[in-house]
Amino acid sequence: MLDRLQSLADRYEKLSELLCDPDVASDSKKLRDYSKEQSDLQPAFEAYAEYKNVMEELEAAKMMQGEKLDDEMKEMVKMEIEDLSSRQTALEEKIRLLLLPKDPNDDKNVIVEIRGAAGGDEAALFASDLYRMYTRYADTQGWRVELMDVNTNDLGGFKEVIFMINGRGAYSKMKFESGAHRVQRIPTTESGGRIHTSTSTVSVMPEAEEFEIEILDKDIRVDTFCSSGAGGQSVNTTKSAVRVTHVPTGIVATCQDGKSQNSNKEKALQVLRARISDMKRQEEEAKYAGERKSKVGTGDRSERIRTYNFPQSRVTDHRIGLTLHRLDQVMNGDITEIISALSIAEQAELMEKGE
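In the annotation of an unreviewed UniProt entry, the entry for the chain reads Peptide chain release factor 1, and the organism field reads Paenibacillus graminis. Checking UniProt for the chain, the heading Function (unreviewed entry) contains the comment "Peptide chain release factor 1 directs the termination of translation in response to the peptide chain termination codons UAG and UAA."

Structure below.
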């Protein structure tokens, strides 16, 4: 571990030199890449510097134990050694976590797709509730939400909603939300007061940059049409809505939220790139299907990951067995405790696997 830390520290200091190089300063790509690399290394670099300092102080304190000291000094040295030993243990644990392999997508923006699944209108209404939950959570994180496409039903629910969350580290937290979300409650349309079970699916994809997923003009077909509202009625008479089809894969992305055709096309291409990237990621993961899958991971959208029980004000994440009895707060965007628990479970699993 110490050899690896020293190697990281050497690289961090080398990057500091490179960032002061005029040739690098004049190259925007190198400047961006080196700055990001150093920023990623900084937590481990600082922890290692603190660890070395603690070890030096601990060694000095232990040497003092061998000297002739009065009782008061002996007690002070003993307390200092205990304190430094405790800091050493805490730093070693922190460093182990910092050295765990990092998902290269963790710092990226995300594109989130929510769809009403089993349950008809109630599933669509729940999809709109999930959208509200995530937008409120994004607000607490200082992230910006950009609506990309929405398809509503007559009750105001979302058959489908696609939106982007812009913010550093968005994927590192939102990636755990992919999967099937189940709701148990009495629908507003239920006159008999019976509890219904419905599901909505969530897919969270890291934003794919243009240089990561190249889409050639010859490989896409672009169709324009009038945007529509609930029930399919046209909401304007201009063909501002855009449907982009990636011919080689058959993947389709549609956007009709903006008033500008060019804006809608750009948003549709963003979704298309993310979907193509997600398809490639799933293909790569399928190659290792025989290996033990992660308990938390990024979630298959068909996998039931969480249940929201309204009559009992209970939300349960089935992957880690976490149950909270404050559903109102969760639906209002307070999902930090759930996401933190999932992140810790992922870290523990990585450490257990020795990665």
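**Student:** Could you give an account of the sheet that holds strand β7 (residues 241–246), with specific residues and numbers?
**Tutor:** The sheet built from three strands is open, its strands ordered β6-β7-β8 with antiparallel pairing. At either end of the open sheet lies a strand with only one pairing partner, and these are β6 (220–225) and β8 (251–255). Taken pair by pair, the neighbouring strands of this sheet meet at an average axis angle of 15°, ignoring direction. As judged from the six bridges shared by β6 and β7, these two strands associate in the antiparallel manner. Among the inter-strand pairings, isoleucine 220 is bridged to a residue of β7, identified as histidine 246.

**Student:** Residue-level account of helix α4 (residues 71–98), with values.
**Tutor:** Every α-helix carries 3.6 residues per turn, so stepping three or four residues along brings you back to the same face. Relative to the 40 Å expected for 28 residues at 1.5 Å per residue, α4 spans 40 Å between its end C-alpha atoms, a close match to the ideal helical length. Listed in full, the buried residues belonging to α4 are Val77, Ile81, Leu84, Gln88, Leu91, Glu92 and Ile95. Here the buried face of α4 lies against α1 (2–19) and α3 (28–65).

**Student:** Tell me about the sheet that holds strand β5 (residues 196–206), and please be specific about residues and values.
**Tutor:** Reading across the sheet, the eight strands line up as β2-β3-β1-β5-β4-β9-β10-β11 and stay open at both edges, with mixed pairing between neighbours. The sheet is open, and its two borders are formed by β2 (144–152) and β11 (322–324), each paired with just one other strand. Across this sheet, the average inter-strand angle for adjacent strands is 15°, counted without regard to direction. Packed on one face of the sheet, helix α9 (residues 336–352) meets β9 (304–309), β10 (314–317) and β11 and runs near 170° to β11.

**Student:** Give me the packing of α1 against α3: which residues, what numbers.
**Tutor:** Close contact between α1 and α3 brings their axes to 8 Å; oriented N to C, the two are set at 135°. Taken together, the axis directions place α1 and α3 in an arrangement best described as oblique. For the pair α1 and α3, the sense of crossing is left-handed. Counting all contacts with α1, which are made through Leu2, Leu5, Gln6, Leu8, Ala9, Arg11, Tyr12, Glu13, Leu15, Ser16, Leu18 and Leu19, the residues of α3 involved are Leu31, Tyr34, Ser35, Glu37, Gln38, Leu41, Gln42, Ala44, Phe45, Tyr48, Tyr51 and Lys52.

**Student:** Tell me about unusual backbone geometry, and name the residues and values.
**Tutor:** The phi angle at serine 313 is positive, at roughly 50°, despite the residue not being glycine. Relative to the helices and strands, serine 313 resides in the loop between β9 and β10.

**Student:** Hey, could you go over the nonpolar core for me, with residue numbers and the actual values?
**Tutor:** Val112, Ile114, Tyr134, Ile165, Met174 and Tyr308 are the most contacted members of the largest nonpolar core, which has 34 residues in total. Secondary-structure elements contributing two or more residues to this core are β1 (110–116), α5 (120–141), β3 (158–166), α6 (170–174), β5, β11, α8 (327–331) and α9. Here this core gets eight residues from one element, more than from any other, and that element is α5. Residues in contact with methionine 174, not counting those within four places in the same chain, are Val110, Val112, Tyr134, Tyr137, Trp143, Ile165 and Val204. Counting 20 residues, the second largest nonpolar core, distinct from the first, contains Val242, Val244, Leu269 and Ile276.

About the criteria used
- Residues numbered from 1 in each chain as written.
- Predicted model: local features only at pLDDT ≥ 70, side-chain atom pairs only at ≥ 80, totals over all residues.
- Heavy atoms only, no water.
- UniProt positions renumbered as here; feature names shortened; annotations may be inferred.
- Pairing = 2+ DSSP bridges.
- Helix = DSSP H or I, 4+ residues; strand = E, 2+ residues; numbered from the N terminus.
- Axes fitted to C-alpha atoms, helices over the stretch in contact; angles between N-to-C directions.
- Expected span 1.5 Å × (residues − 1).
- Buried < 20%, exposed > 50% of the residue type's maximum accessible area, 1.4 Å probe, protein only.
- Contact = heavy atoms within 4.5 Å.
- Parallel < 35°, antiparallel > 145°, perpendicular 65-115°, else oblique.
- Left-handed = near helix turned anticlockwise from the far one by under 90°.
- Core = buried A, V, L, I, M, F, W, Y, C linked by side-chain atoms within 4.5 Å.

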